[in-house]
Each structure stands twice: as structure tokens, then as C-alpha cells.
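One-letter residues, chain by chain:
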Amino acid sequence: MQVGQTMTNETWGQVREALMQRVGKNNYTTWIEPLRLARLKNGVAHFEVPTSFFGDWVQRNYADHIRSQLVTAGAEVHRIEFAVAAARPQAEAPAKPAARAARSRPAQDDDLPGAPLDARFTFDTFVVGKPNELAHAAARRVAEGGPVTFNPLFLYGGVGLGKTHLMHAIAHELQARRPDLRVLYLSAEQFMYRFIQALRDKQVMDFKQLFRSVDVLMVDDVQFIAGKDSTQEEFFHTFNALVDQNKQIVISADRAPGEIKDLEDRIKSRLQCGLVVDLHPTDYELRLGILQQKVEVYRNQYKGLQIAPGVLEFLAHRITTNVRVLEGALTRLFAFASLVGREITLDLAQDCLADILRASDRKLTIEEIQRKVAEHYNIRLADMIGPKRLRTIARPRQVAMYLAKQLTPRSLPEIGRRFGGRDHTTIMHGVRKIEELMALDSQLADDLQLLKRMLQG
Ligand code: ADP
Ligand code: MG
């Protein structure tokens, strides 16, 4: 093919075909298709682009591809230049300079499609304990707004363990310390929603531009985009673009990157590149700490309301599921006590929170008991329900019967059924036997203590 200096747009058409193979359909549609070859002169190919951001992006990511394809097609190209088409009205990004100028606002930039931040979710109100200290330290580091040391920061953990709280805290802190930075916080669901909206309104360029113009991007609950292919794709590109520009990214999810099903492998591996930190389930001390802090807040709100000693300890001990439930319990307790004008006592707590306390009780199954006891006495699980009468097997079996009666609401016949269809009188005999022996045999009493503690968590 002899094109040289007078390469036509027809040739560019052929080159584009080749580029599509090279960069993939998606990237092609987004970045190559909108390019217009203006002229080719003195070894420089001049392209018109819709926006300067677009030009920068293509220059950084695709210029080499484009050049090499042009050369393959026979054109003499040493360099590629991108310029915003002068004639066309500018579809530049939403007014970034204006947003930067109006810095007095405490919230996020208006032009950023972020989610509102909860004013209560700050570092001041975040209680640090063993289970979350690493996550907290990493979040603090990011909130300093210094040079990016790990990217992304990936926070994961079960529901209600403080992921969203930490992300909001980072955003608040950055706004205070580094008002020059554009901070964008949103949920993965909102990201998807915005993206779909942009597709529908044919504003994908604006969308891309916007997301690539932030300094700190925080996406909450990223597991949400698993299985949502085009959103994942877009997220991946946004992610890469920001990482390439050395912009900080913070991600949260309900599990580790590798464990999110239906998430593309390349995304998983990118997510693992930074610092992956998990928030562990709360322990008793942390729960108590959180309650104590909350009580301070309520003391001001409900003046004169008394709380009896031991109530907070009781709640911290009994409500282990998640912090949100724990907080809800305390809120209800204060509201109720102030309504009836009574001191918050253990009795009041038990009445007022009966449903929460019941739901928080771990539902222990007879199978779990059998398994733990079998493990403890080093016998086979099958022997728990089998017919063997050997003492070394019969005794642990009776221990399991006793614990089943003690720790579950099951009736004797129900327990009998789960012990290989034994009669309820057999179960009763077993339970009595253990009760008798316990008084005489301290080793057995210790075993039972230990097993109970393990089973009740
Ligand atoms: P997640 O996003 O992990 O599901 P959230 O950040 O929404 O959890 O936290 C749930 C609730 O528990 C919020 O009200 C939050 O303020 C509170 N919370 C969680 N962890 C802590 C903590 N360590 N200190 C104070 N409050 C906490
Ligand atoms: Mg959350």
C-alpha cells in the first residue's frame, strides 16, 4: 500500500479496522472511533478529538498502537498530535475550574456525582479495637492525602463492621486537610446507575471524563458489580486510568477480592495489587467501647436518664451480630426509657430488646453439638448416632445428649430422632447419667464447661 504523505481517510478506515482487533471493541468504540484524522504532514499525524482530556487519554494509552498501525499501512509517521476540534462546540468536562474555585463548600464538589456523606461517620466517632485497627490505620494514612503508597486500599468485612464509616471518615478528613483534591465517594450501585444513565443519554464521554478527573475515588460495596459485565468493564477502565495517574482509590466489599464470584479475574488481580485489609468481626471489648461512646452522645440528648451498671456489658456480650444492630438496640433502649421515665436497668433492657436478643442468639444445632463432642473425645461422628455400647463411645454420646438438652430448645423425642432414632427414655437416661457423674467427676465437669463455652461462642 502506497499512501505516504497523502494518506486518505479511506486508509485511516483500514487502519481503524486493524486497531479494533488490537484494542478490543469496547476501547475502540470509546477511544478510536471518535478520532478524526485532520492531516498528515512532515511525519506528524494530527487528529481531532472531542475534548482535551480525550486527547491526553488517547495520547497516553493508544498513540503507540495508532502510530504502529499507520506505519504498517505504509504511512510515514513519527509522531501523533491530538487537538480539540476548533469549529465544533466544546463538549468539555463539567466545569472543573469553577468547582475548584468554589472551595468553601464542605461537601463534595457539586459536579461530582457522589453520594452524600454521613456527618457522624468521622474518625473521631470511630472506635478502634483489635478487629479493626489495621483497617483504621490504613484509612488514616489515605486520609492524610500524602503521596499514594498503596493503591487501591481494599477494605472488606461482614455487614455492619464499619467499612462505610471508614470511607466517609476518609472523605471528611480529606476535605478538611486537602480541599484542593477532588474526592468522589459513591456506592458501586450508584456507579452502575450513573453508567447506565450515561449510556442511555449518550453521555459516556462525559461519564468517563468525570470519573477520570477525580483525585480520590472511593467505591463502596464493589461486590455489587459482580456479574454485571459492562459495568465491570467500565469500572476496570476507570480504575486503571486512575491508578495510572497515581490517583488514590479506596474500595470496599463484603469479602476478599478473590472470593467475589462473577468478578473478572483481571479485576480481582488489580484489586489485590494494593493493600487488602479485612475488618474482623467485633470482639467484646470493641462492642463495649462502641456502646460507651454512644452512651456519651445519648447522655447529652436525654438529660437525666440513668443507666444501671452492667447493662452495657450485657448488651456487648449478647448482641454479637453487627454494630448496626448493637447501635439500634441502644437507641431503642434510650428512647423507651425516656418515654416511660425509668432508669435503664437489665430488666428493662431484656424486655425492651427481647426480639433483638432472641435473634442474636446463635441457633445451635444438635449436629454441631455432636460434631464438637466427637472431636473433643476423638471418636467418629458416625458413632454418635450408631449402636456401639462401648463405654468410650457411649459416654461421649451421653455428653452430647446432655448438651443437646441444655443448649437447644429441642424436646427429648426430637433429640432421640437425631441420635439415630433412639427412644426419648434413652435420652432422658443419658441426660440423668451425666448430671449424676458431673457431681462426682471433676474431669467430666471441666469437659462440659469447655464444650459449652466452645459451642456458645
Ligand atoms: P458496613 O459498611 O461495614 O456495613 P457501617 O460502616 O455502615 O458498616 O457501620 C454500621 C454502623 O456501625 C454505623 O452506624 C457505624 O457508625 C457503626 N460502626 C461500625 N464500626 C464502628 C466503630 N468501630 N466505631 C463506631 N461506630 C462503628
Ligand atoms: Mg457499608
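Residues numbered from 1 in each chain as written. Chains lettered and ligands numbered in written order. Predicted model: local features only at pLDDT ≥ 70, side-chain atom pairs only at ≥ 80, totals over all residues. Heavy atoms only, no water.

1. A short note on the overall build of the protein
Helix and strand content of the protein: 22 helices and eight strands. Each of the three principal axes of the protein carries a C-alpha extent, and together these read 105 × 60 × 35 Å. In the protein, once contacts between residues fewer than 6 apart in sequence are set aside, the share between residues at least 24 apart is 73%. As displayed, the protein offers around 23,400 Å² of accessible surface, 51% of which is attributable to carbon and sulfur atoms. The positive charge centre, built from 62 side chains, and the negative charge centre, built from 55, are 3 Å apart in the protein. (Helix = DSSP H or I, 4+ residues; strand = E, 2+ residues; numbered from the N terminus. Contact = heavy atoms within 4.5 Å. Areas by Shrake-Rupley, 256 points an atom, 1.4 Å probe, with all protein chains shown as cover. Lys, Arg positive; Asp, Glu negative; His and termini not counted. Charge placed at Lys NZ, Arg CZ, Asp CG, Glu CD.)

2. A word on the environment of Gly 114
Here Gly 114 shows up in the loop between α5 (96-101) and α6 (133-143). With relative accessibility at 24%, the residue Gly 114 sits in the partly exposed group. Considering only alpha carbons, one finds Gly 114 and Ala 354, 240 residues apart in sequence, at a separation of 39 Å. (Buried < 20%, exposed > 50% of the residue type's maximum accessible area, 1.4 Å probe, protein only.)

3. Details of the domain arrangement of the protein
What the domain assignment lists for the protein is domain 1 (5-84), domain 2 (130-278), domain 3 (284-362) and domain 4 (366-456). Spacing between the C-alpha centres of domain 3 and domain 4 amounts to 36 Å. (Domains from an automatic or database assignment.)

4. Some remarks on the sheet that holds strand β3 (residues 79-84)
Taken in spatial order, the three strands make up an open sheet running β1-β2-β3, and their pairing is mixed. Looking at strand neighbours, the two that pair on one side only are β1 (36-41) and β3, the edges of this open sheet. Put simply, the sheet's adjacent strands are angled 25° from each other on average, direction ignored. Bridging between β1 and strand β2 (residues 44-49) involves five bridges; their strand directions are antiparallel. Residue pairing across strands places Leu 40 opposite Ala 45, the latter belonging to β2. Seen against the sheet, helix α4 (residues 63-72) touches β2 and β3 and runs at an angle of roughly 120° to β3. (Pairing = 2+ DSSP bridges. Axes fitted to C-alpha atoms, helices over the stretch in contact; angles between N-to-C directions.)

5. Observations regarding the site of ligand 1
Around ligand 1, a shell composed of 17 residues is seen, among which Val 127, Gly 160, Thr 164, His 165 and Glu 327 lie nearest. Between an oxygen atom of ligand 1 and a main-chain N or O atom of Leu 161, the distance comes to 3.2 Å. One of the side-chain N or O atoms of Arg 324 is found 2.9 Å from an oxygen atom in ligand 1. Looking at the shell around ligand 1, the elements with two or more residues in it are α7 (163-177) and α14 (323-340). Counting only domains with at least three residues in the shell around ligand 1, you end up with domain 2 (130-278) and domain 3 (284-362). (Near = heavy atom within 4 Å. Polar contact = N/O pair within 3.5 Å; in protein donor to acceptor, adjacent residues only side chain to side chain.)

6. Digging into the pairing of strand β7 (residues 248-253)
Counting buried residues in β7 gives six out of six residues, a clear majority hidden from the surface. Alternating positions in β7 separate into two faces, Gln 248, Val 250 and Ser 252 on one and Ile 249, Ile 251 and Ala 253 on the other, with burial throughout. With four bridges connecting them, strand β4 (residues 153-156) and β7 associate as parallel partners. Residue pairing for β7: Leu 155 is matched across the bridge by Ser 252.

7. A look at the pattern of salt bridges
Tallied over the entire structure, the rule returns 21 salt bridges. The salt bridge partner of Asp 383 is Arg 380, with a shortest N-O separation of 4.0 Å. Three or more residues are tied together by salt bridges with common partners; here these are Lys 208, Arg 212 and Glu 234. (Salt bridge = Lys/Arg side-chain N within 4 Å of Asp/Glu carboxyl O.)

8. Details of unusual backbone geometry
Between Asn 151 and the following residue, Pro 152, the backbone shows a cis peptide bond with an omega angle of 0°. Summarising the element assignment, Pro 152 is placed in the loop between α6 and β4. One non-glycine residue with positive phi stands out, namely Asp 221, at about 55°. Assignment of secondary structure puts Asp 221 in the loop between β6 (216-220) and α10 (229-244). By relative accessible area, which is 29% here, Asp 221 ends up partly exposed. Backbone geometry places Asn 246, a non-glycine residue, at a positive phi of 65°.

9. Considerations on the nonpolar core
Grouped together as the largest cluster of nonpolar side chains are 29 residues, with contacts concentrated most on Phe 154, Leu 217, Val 219, Val 222, Phe 235 and Ile 251. Counting only elements with at least two residues in this core, the list comes to β4, β5 (183-187), α8 (188-200), α9 (204-212), β6, α10, β7 and α11 (265-271). When residues in this core are grouped by element, the largest group, five residues, is from α10. The contacts of Phe 235, once residues within four sequence positions are left out, are Phe 191, Val 219, Val 222, Ile 225, Ile 251 and Ile 267. Counting 27 residues, the second largest nonpolar core, distinct from the first, contains Val 311, Leu 315, Ala 329 and Leu 330. (Core = buried A, V, L, I, M, F, W, Y, C linked by side-chain atoms within 4.5 Å.)

10. What to know about the side chain of Ser 187
Mapped onto the elements of the fold, Ser 187 is located in strand β5. Residues in contact with Ser 187, not counting those within four places in the same chain, are Val 219 and Asp 220.

11. Structural notes on the sheet that holds β5
If you trace the five strands from one edge of the open sheet to the other, you get β5-β6-β7-β4-β8, paired in parallel fashion. Only two strands of the sheet have a single neighbouring strand rather than two, namely β5 and β8 (275-278). Each adjacent strand pair in this sheet contributes to an overall mean axis angle of 15°, direction not counted. Set on the sheet, α7 makes contact with β4, β5, β6 and β7; between it and β6 the angle comes to about 160°.

12. A short note on the packing of aromatic side chains
In the structure shown here, the tally under the stated rule is 12 aromatic pairs. Where Phe 195 meets Phe 207, the ring centres are 5.4 Å apart and the plane angle is 50°; that geometry is what we call tilted. Linking Phe 195 in helix α8 with Phe 207 in helix α9, this pair joins segments that are 12 residues apart in sequence. Taking relative accessible area as the criterion, Phe 207 reaches 6% and is therefore assigned buried. Following the ring pairs from residue to residue traces out a cluster consisting of Phe 191, Phe 195, Phe 207, Phe 211, Phe 235 and Phe 239. Sitting over the face of the ring of Phe 224, Lys 228 holds its NZ or CZ atom 4.1 Å from the ring centroid. Across the ring face of Phe 236, the terminal group of Arg 266 is positioned such that the distance to the ring centre comes to 4.1 Å. (Phe/Tyr/Trp six-rings, centres within 6.5 Å; stacked < 30°, edge-to-face > 60°. Lys NZ or Arg CZ within 6 Å of the ring centre and 35° of its normal.)

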